[in-house]
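Structure assessment
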Amino acid sequence: MFMKLMLIGGTGLIGQEVLKLLEKKRLPCIAPDKNELNLENLPSIERFVSKYQPDIVISCASFNDPAGAEREPHKCMLINRDAMATLADACHQHNAILLYISTYRVFDGNKKEPYTEDDIPNPTGVMATSRWEAEQQIMARCPRHIILRLSWVISHWRDNLLKYLLDRISQEQEVAVVADQQGCPTPGDDVARVIVAIVQQLDCLAQPWGTYHYAGAEPVSENRFAETVIAEASQYQPLKVRKLRMDKLNQRDGIQAPANATLACRKILSTFGVHNKPWRGSLARMIKRFFQLRSVS
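1. Details of the overall build of the protein chain
Scanning the protein chain for helices and strands turns up 10 helices and 12 strands. Computed over the C-alpha atoms, the radius of gyration of the protein chain is 19 Å, within 12% of the 19 Å expected from 2.2 N^0.38 for a compact globule of 297 residues. In terms of principal-axis extent, the alpha carbons of the protein chain reach across some 55 × 40 × 40 Å. Here the protein chain holds 297 residues, and 54% of them are scored as buried. Considering only contacts within the protein chain whose residues lie at least 6 apart along the sequence, 81% involve residues at least 24 apart. Put simply, the protein chain shows about 14000 Å² of open surface, and 47% of that area lies on carbon and sulfur atoms. In the protein chain, 37 side chains carry a positive charge and 33 a negative one; their mean positions are 5 Å apart.

2. Here we look at the packing of helix 6 (residues 161-170) against helix 8 (residues 222-233)
A pair of packed helices is captured by two measures, namely the crossing angle of their axes and the spacing between those axes. Where helix 6 contacts helix 8, the axes come no closer than 10 Å and their chain directions differ by 55°. Between helix 6 and helix 8, the angle is such that the two are oblique. Taken as a pair, helix 6 and helix 8 cross one another with a handedness that is right-handed. Note on element contacts: helix 8 touches helix 6 through Glu222, Phe225, Ala226, Val229, Ile230 and Ala233, opposite Leu161, Leu162, Leu165, Leu166 and Ile169. Residue composition of the contact of helix 6 with helix 8, by class: 10 nonpolar, no polar and 1 charged.

3. Here we look at the nonpolar core
Among the nonpolar cores identified, the biggest contains 68 residues, and Ile14, Leu148, Ile195, Phe225 and Ile268 are the most heavily contacted of them. Element by element, the count of residues in this core is highest for helix 7 (residues 188-201), at 8 residues. Among all residues touching Phe225, those that are not within four sequence positions of it are Ile154, Leu161, Leu162, Leu165, Pro185, Val220, Trp279 and Leu283.

4. Here we look at the packing of aromatic side chains
Per the counting criterion, the structure on display carries 6 aromatic pairs. An angle of 10° between the planes, with centres 4.2 Å apart, marks the rings of Phe107 and Tyr115 as stacked. Phe107 sits in the buried class, given a relative accessible area of 1%. Ring geometry for Phe225 versus Trp279: centroids 5.5 Å apart, planes at 65°, classification edge-to-face.

The rules behind each value
Residues numbered from 1 in each chain as written. Predicted model: local features only at pLDDT ≥ 70, side-chain atom pairs only at ≥ 80, totals over all residues. Heavy atoms only, no water. Helix = DSSP H or I, 4+ residues; strand = E, 2+ residues; numbered from the N terminus. Rg over C-alpha atoms; globule rule 2.2 N^0.38 Å. Buried < 20%, exposed > 50% of the residue type's maximum accessible area, 1.4 Å probe, protein only. Contact = heavy atoms within 4.5 Å. Areas by Shrake-Rupley, 256 points an atom, 1.4 Å probe, with all protein chains shown as cover. Lys, Arg positive; Asp, Glu negative; His and termini not counted. Charge placed at Lys NZ, Arg CZ, Asp CG, Glu CD. Axes fitted to C-alpha atoms, helices over the stretch in contact; angles between N-to-C directions. Parallel < 35°, antiparallel > 145°, perpendicular 65-115°, else oblique. Left-handed = near helix turned anticlockwise from the far one by under 90°. Nonpolar A, V, L, I, M, F, W, Y, C, P; charged D, E, K, R; others polar. Core = buried A, V, L, I, M, F, W, Y, C linked by side-chain atoms within 4.5 Å. Phe/Tyr/Trp six-rings, centres within 6.5 Å; stacked < 30°, edge-to-face > 60°.

Here is the structure:
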């Protein structure tokens, strides 16, 4: 494979995992920092794409704070929607493929079964709306695109459900969870595996353009996931926090995440041969890594 790769958002959870895997596979990739390409500075996007002429652009960057998006809607829309529209134009102009990482939050969560790519998004809140509008801009402006929606991305670092739970229980703080929210935990390094697998096939597949879903195998409710995390974490630290405070999703302040974050993954399997992996083995490894890092800090 001799395609020139460019990655936006290389310092984030998914971006760092993608860069590590590309390096392991000896696939060179340009990853501009904010001084080179700033999503709040739209002209810098076109300049960078024009300068480096990538064959594939992977965009993992986004404004990803639901509460912050309500406080700063203009900034959220600028980064999530307008910057992606500009990027889509630049990719189309310079004949680059755009691989955009999106989210289950484009759906309202009212469906009982896993969401498929044919379901119509109905986002709630500024952040979710901005992500759906970004998808629409990409579809309209860059025909050669892949949109990859993900369920609950988890890791032992950065802001995500697993890190929140580990921080709370390791600090012996109360853990509030809900039973009426369900998703598919999806380890960050598994997401990287999927992204790189897609990238490696883009130069040989005929017309794979469109929207795809990926999520870890085995849906689980938030409270059941928290119980699994506590059981695993208890191997590394005596935990005083054993009980969970059970809330209802509609009791939470601010913009609520969709109650159903589960995604069907048949299309990505049939097109790219990508199987969704169970998350429990990766969970044990990430929890171990979390406590290893705490012991040396």
